[in-house]
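# Commentary on secondary and tertiary structure
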Amino acid sequence: MKLYQPKILLGVILLCLAGLACRPDFLAQNQPTLTPTPTKTPKLAPTATLAPAPATNAPTPTPTIPPLPTDTPVIEAAAPLSEEPAATDTPAEPTAPPLPAEPTATPEPTATPAPEFDFVITELRVLGLGENNGGIEGAGSGRTIFITVLDAGGSPLDGALLVNTAEYPAQTISGDKGPGKAELLMDREVFRLKVESVNGEPVTSEVSHNMSLMQPVPEDIVGKLGGPDYPNAACLTLDNCPLPPGKHFSYVLTFQRVN
């Protein structure tokens, strides 16, 4: 009997606890209550209080009544002149660079042709009326070929051998009658002169046309032997060129070296 009393007491206690656990407020009392964390409320800055404007005794302005509109015609504004379109910012298309000019061929220097002769004739003329006493025989007229030989610079040249290429053999050397000077006395034969050599060195030379004491080339004497008023005039024109007898002609002949 004593053995079952503690078990009965323990059962009663368990039933009481089970009954308490079934109550709704028992669970609520046993759950912990969450307390919200207080938040700080920001304080507003104090608002400045505007003082009332002092009262003035100024009279209240009377409103102005605007004037009634009139029938003034409205002048239409002239249309603005058209302006040139503004430049756009569109970049211009790049242009291709110009092609380089084709190189021009440099002309080759023209070679100066070698002179045909070493000596050329720069003067050949008949002495005129006032230079040879009219060519009248017995009045002091001459019958001479006056020769001058020059170097390439125009200075007198001595030692030039001058020969007659016509049938009559004749020759002379420059320097015999002065610097670069020579003379040949004429007879009835024809003279055609050239420079044969200089100080023994052979040279080439132009040859003069015929020079004659009695029968000169008409082109050499036309108009040189007096005019129409001269009683002994001769060869006034090429078409009228009679040669009176007894006329003697003298010549001036110059050779110059070119190389």
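### Some points on the overall build of the protein
A count of helical and extended segments in the protein gives three helices and 10 strands. Walking the protein from its N terminus toward its C terminus, one meets helices and strands in the order α-α-β-β-β-β-β-β-β-β-β-α-β. In the protein, which comprises 259 residues, the proportion classed as buried is 23%.

### Description of the state of the cysteines
Where two cysteines share a covalent bond between their sulfur atoms, that bond is called a disulfide. Applying the stated criterion across every chain yields a total of one disulfide. Between the sulfur atoms of C235 and its disulfide partner C241 the distance amounts to 1.9 Å. Torsion about the S-S bond of the C235 and C241 cystine: about -100°, corresponding to left-handed handedness. Residue class for C235 comes out buried when judged on its relative accessible area of 1%.

### So, the pairing of strand β10 (residues 251-257)
With six of seven residues buried, β10 is to be regarded as a mostly interior element. Relative to β10, strand β1 (residues 119-126) runs antiparallel, the two being bridged by seven bridges. Note on β10: the bridge partner recorded for L124 is L253. Looking at chain direction, strand β2 (residues 144-150) and β10 are connected through six bridges and run parallel. From the neighbouring strand, I147 faces β10, where its bridge partner is L253.

### Things to note about unusual backbone geometry
You will see that N199, though not glycine, has its phi angle at about 50°, which is positive. Looking at the element boundaries, N199 is found in the loop between β7 (193-198) and β8 (201-202). Using a relative accessible area of 63% as the deciding quantity, one classes N199 as exposed.

### Thoughts on the nonpolar core
One finds F119, I145, I147, F191, L193, V195 and M211 to be the most contacted residues of the largest nonpolar core, which totals 28 residues. Counting only elements with at least two residues in this core, the list comes to β1, β2, β3 (160-164), β5 (181-185), β7 and β10. If near-sequence neighbours (up to four positions away) are discounted, I147 is found in contact with L162, T172, G180, K181, A182, L184, L193, L253 and F255.

### A short note on the pattern of salt bridges
As enumerated under the stated definition, the model contains three salt bridges in all. The partner of R125 in a salt bridge is E131, with the nearest N and O atoms 3.1 Å apart. Judged by its relative accessible area of 27%, R125 falls in the partly exposed class. The network of salt bridges with shared partners includes E123, R125 and E131.

### What about the environment of V198?
Counting through the fold element by element, V198 comes out in strand β7. The class of V198 is buried, set by a relative accessible area of 8%. The spatial distance from the C-alpha of V198 to the C-alpha of G159 is 5.4 Å, given a sequence separation of 39 residues. Setting aside its immediate chain neighbours within four residues, V198 contacts F119, L157, D158, G159, A160, V203 and R257.

### Topic: the confidence of the model for the protein
This prediction gives the protein a mean pLDDT of 76; 64% of its residues lie at or above 70. By mean pLDDT, helix α2 (residues 24-30) is the weakest element of the protein at 48, and β3 is the strongest at 98.

### A short note on a nonpolar patch on the surface
Where nonpolar side chains cluster on the molecular surface, the patch consists of L9, L10, I13, L14 and L17 and spans about 500 Å² of accessible area. By the element assignment, I13 lies in helix α1 (residues 5-21).

### Regarding the packing of aromatic side chains
Counted according to the given criterion, the structure contains one aromatic pair. Geometrically, the ring pair formed by Y168 and F191 is edge-to-face, given 5.7 Å between the ring centres and 75° between the ring planes. Separated by 23 residues along the polypeptide, Y168 in the loop between β3 and β4 (171-173) and F191 in strand β6 (residues 190-191) bring together distant segments of the chain. On the basis of relative accessibility, which here comes to 0%, the residue F191 falls in the buried class.

### A few points about the environment of E183
Position of E183 among the secondary structure elements: in strand β5. For E183, a relative accessible area of 32% gives the class partly exposed. Considered as a pair, E183 and T172 are 11 residues apart in the sequence and their alpha carbons are 7.1 Å apart. Each residue touching E183, except ones within four places of it in the same chain, is listed here: T144, I145, F146, T172 and K177.

Reading the values: the criteria
Residues numbered from 1 in each chain as written. Predicted model: local features only at pLDDT ≥ 70, side-chain atom pairs only at ≥ 80, totals over all residues. Heavy atoms only, no water. Helix = DSSP H or I, 4+ residues; strand = E, 2+ residues; numbered from the N terminus. Buried < 20%, exposed > 50% of the residue type's maximum accessible area, 1.4 Å probe, protein only. Disulfide = S-S within 2.5 Å. Pairing = 2+ DSSP bridges. Core = buried A, V, L, I, M, F, W, Y, C linked by side-chain atoms within 4.5 Å. Contact = heavy atoms within 4.5 Å. Salt bridge = Lys/Arg side-chain N within 4 Å of Asp/Glu carboxyl O. pLDDT = per-residue confidence, 0-100. Patch = residues over 30% accessible without salt bridge, like charges linked within 9 Å, V, L, I, M, F, W, Y side chains within 5 Å. Areas by Shrake-Rupley, 256 points an atom, 1.4 Å probe, with all protein chains shown as cover. Phe/Tyr/Trp six-rings, centres within 6.5 Å; stacked < 30°, edge-to-face > 60°.

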